[in-house]
Amino acid sequence: MGLLSKKDAALIKDPLADNNPITIQVLGICSALAITAELEASIVMSISVLFVLGIGNVVISLMRNIIPSKIRIIVQLIVVATLVIIVDLVLKAFAYELSKTLSVFVGLIITNCIIMGRFEAFALGNGPWRSFLDGIGNALGYAVILIIVGFFRELLGSGTLLGIPVLGDPIEKTGLYALGYENNGFMLLSPMALIVVGIIIWVQRTRNKTLIED
Amino acid sequence: MLEHLELFFKSIFIDNMVFATFLGMCSYLAVSKKVSTAVGLGAAVIFVLAITVPLNWLLDQYILQPGALSWMGPEYADYDLSFLSFIMFIATIATMVQLVEIVVEKFSPSLYNSLGIFLPLIAVNCAILGGSLFMQSREIETLGLATTYGVGSGIGWFLAILAIAAIREKIRYSNVPPALRGLGITFIITGLMAIGFMSFGGMLTGGDEETKEDTTVEVQVTPTDDNTELANNTKIEE
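The text that follows walks through the structure, step by step, so that each part is easy to find. (Residues numbered from 1 in each chain as written. Chains lettered and ligands numbered in written order. Predicted model: local features only at pLDDT ≥ 70, side-chain atom pairs only at ≥ 80, totals over all residues. Heavy atoms only, no water.)

### Quick look at helix α1 (residues 6-13) of chain A
What sets the pattern is the α-helix's 3.6 residues per turn: residues three or four places apart point alike. All names here are of chain A. Taken together, the buried positions of α1 are occupied by D8, A9, L11 and I12. With its buried residues spanning 150 degrees around the axis, α1 presents them on a single face. Counted as exposed and oriented over 90 degrees from the buried face of α1: K6, K7 and K13. Buried positions along α1 lie against α7 (128-158). (Buried < 20%, exposed > 50% of the residue type's maximum accessible area, 1.4 Å probe, protein only. Helix = DSSP H or I, 4+ residues; strand = E, 2+ residues; numbered from the N terminus. Arc of directions from axis to C-beta. Contact = heavy atoms within 4.5 Å.)

Structure representation (structure tokens):
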């Protein structure tokens with residue numbers, strides 16, 4: 001970390017574990033759960049949020065001294081909405097099938113609480129470079145959870161990763177399926193996303209007792 | 001009339017905002033510690049959804065859709081402004097929330113005292129924007145149906161937050177493993193409740209099929225639907 005001072009490095013490292021936006025700050029749950037049935041969708045969603053949060057934090061941070069505090073929510077919404085439209089159009093142009101899978105959830109990045117939360121809590125009070133690092137850090141923390149959930153749901157639910165079968169062929173009974181393994185179709189249904197996140201929280205708080213709520 | 005009822009119950013139970021599409025989870029988790037605050041936020045959500053969904057339906061129908069501008073004259077007929085829908089919807093929602101706040105404060109101070117603090121929260125609640133975006137992607141046909149959809153999904157969200165708040169009030173006296181206390185157990189309970197709500201899935205398809213065919217809500221592309229299909233496919237393959 002020669003490039004970054006210790007304080008700046010902490011901005012990126014903290015959200016990855018002990019100050020994770022999803023499991024600790026409880027921000028951005030909505031989109032995190034709905035699209036994680038496939039790993040690919042989770043990754044694309046993470047990249048979209050990384051882009052929106054990184055750039056958005058810088059823009060808000062640059063404007064922080066000229067935004068009147070009464071209308072700051074509307075200003076923030078407009079900044080996010082513009083960035084999200086860019087993401088949406090790029091997805092529609094280069095990954096049309098995927099943008100159909102994500103459906104309205106790309107649009108819902110606008111009201112993803114992570115973004116508003118970081119604008120309010122960090123970008124309004126800090127310079128552009130630090131805000132950029134904070135945005136990247138939080139988006140990566142979000143991405144970690146999304147990718148873990150997506151990984152398990154796709155692996156256990158349909159036996160594939162990124163669409164490539166890794167456990168053998170369920171119809172011709174090769175690989176693990178020859179031993180009598182079955183895909184758990186239930187993992188693909190939405191309630192399981194909640195339960196997987198619940199288990200991640202459980203594991204994380206068992207390892208780090210200071211995070212336990214009373 | 002029948003299609004209104006059908007859409008109403010479908011949006012409350014089958015496509016429940018929280019349990020089927022996870023919309024509004026952030027405030028759902030943050031404001032569900034006490035039943036009384038949950039009721040306040042839930043009522044505000046119903047109120048705002050009932051106003052913004054029909055309003056955004058009008059915007060979508062007369063400004064944003066491909067060809068929607070033809071009422072201004074034939075030369076505008078091939079304009080497609082749908083890429084602007086995110087920014088238009090969110091701007092409508094933010095202004096409406098502000099307007100509702102001012103009006104309620106003026107005419108009903110008691111209502112303002114109970115709803116007031118929740119209204120600013122609602123502008124950034126995914127359930128509100130989600131309601132408008134689903135209304136758009138499911139191609140709801142008339143203004144009346146859009147209103148029904150808004151009210152129905154608001155009530156669905158209200159039910160969900162009321163239920164979880166009641167459960168969380170009780171669970172405080174239970175012996176939950178320390179690491180699961182608070183957020184963890186709430187997630188798992190919500191998951192179990194969502195499994196429960198899945199049993200409403202067959203509610204509207206149990207009877208005769210031909211009345212189902214002409215409803216607009218059939219053309220939805222939510223991820224959950226794909227998932228159910230996938231799950232069914234795997235079952236058939238077995």
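### Re unusual backbone geometry
Residues and elements named next belong to chain B. With a phi angle near 50 degrees, E139 is a residue other than glycine that sits in the positive phi range. Mapped onto the secondary structure, E139 falls in the loop between α8 (126-137) and α9 (143-171). What makes E139 exposed here is its relative accessible area of 52%.

### Quick word on the pattern of salt bridges
Going through the model one piece at a time under the given rule, you end up with 4 salt bridges over all chains. Linking K92(A) and D88(A) is a salt bridge whose minimum nitrogen-to-oxygen distance equals 3.3 Å. One end of the pair, K92(A), and the other, D88(A), are both in helix α4 (residues 72-94), 4 residues apart, so they sit about a helical turn from each other. For D15(B), the salt bridge identified is with R138(B), shortest N-O distance 3.3 Å. (Salt bridge = Lys/Arg side-chain N within 4 Å of Asp/Glu carboxyl O.)

### Focus on the interface of chain B and chain A
On the chain A side, the residues contacting the 48 residues of chain B number 49 residues. Taken over both partners, the interface formed by chain B and chain A buries close to 4300 Å², and the fraction arising from carbon and sulfur atoms is 82%. Of all residues in chain B, F22(B), F86(B) and F187(B) bury the most surface against chain A, accounting for 16% of the area lost on that side. On inspection of chain B and its partner chain A, the count reaches 0 salt bridges. The tally of links from chain B across to chain A stands at 0 residue pairs in polar contact (both at pLDDT 80 or more). Contributing elements (two or more residues each) for the side of chain B that touches chain A: α2 (17-21), α3 (25-30), α5 (85-107), α8, α10 (183-198) and α12 (223-237) of chain B. The biggest single contributor to the side of chain B that touches chain A is α10(B), with 10 residues. Its residues placed into classes, the side of chain B that touches chain A shows 33 nonpolar, 12 polar and 3 charged. (Buried area = accessible area lost by both parts, 1.4 Å probe. Polar contact = N/O pair within 3.5 Å; in protein donor to acceptor, adjacent residues only side chain to side chain. Nonpolar A, V, L, I, M, F, W, Y, C, P; charged D, E, K, R; others polar.)

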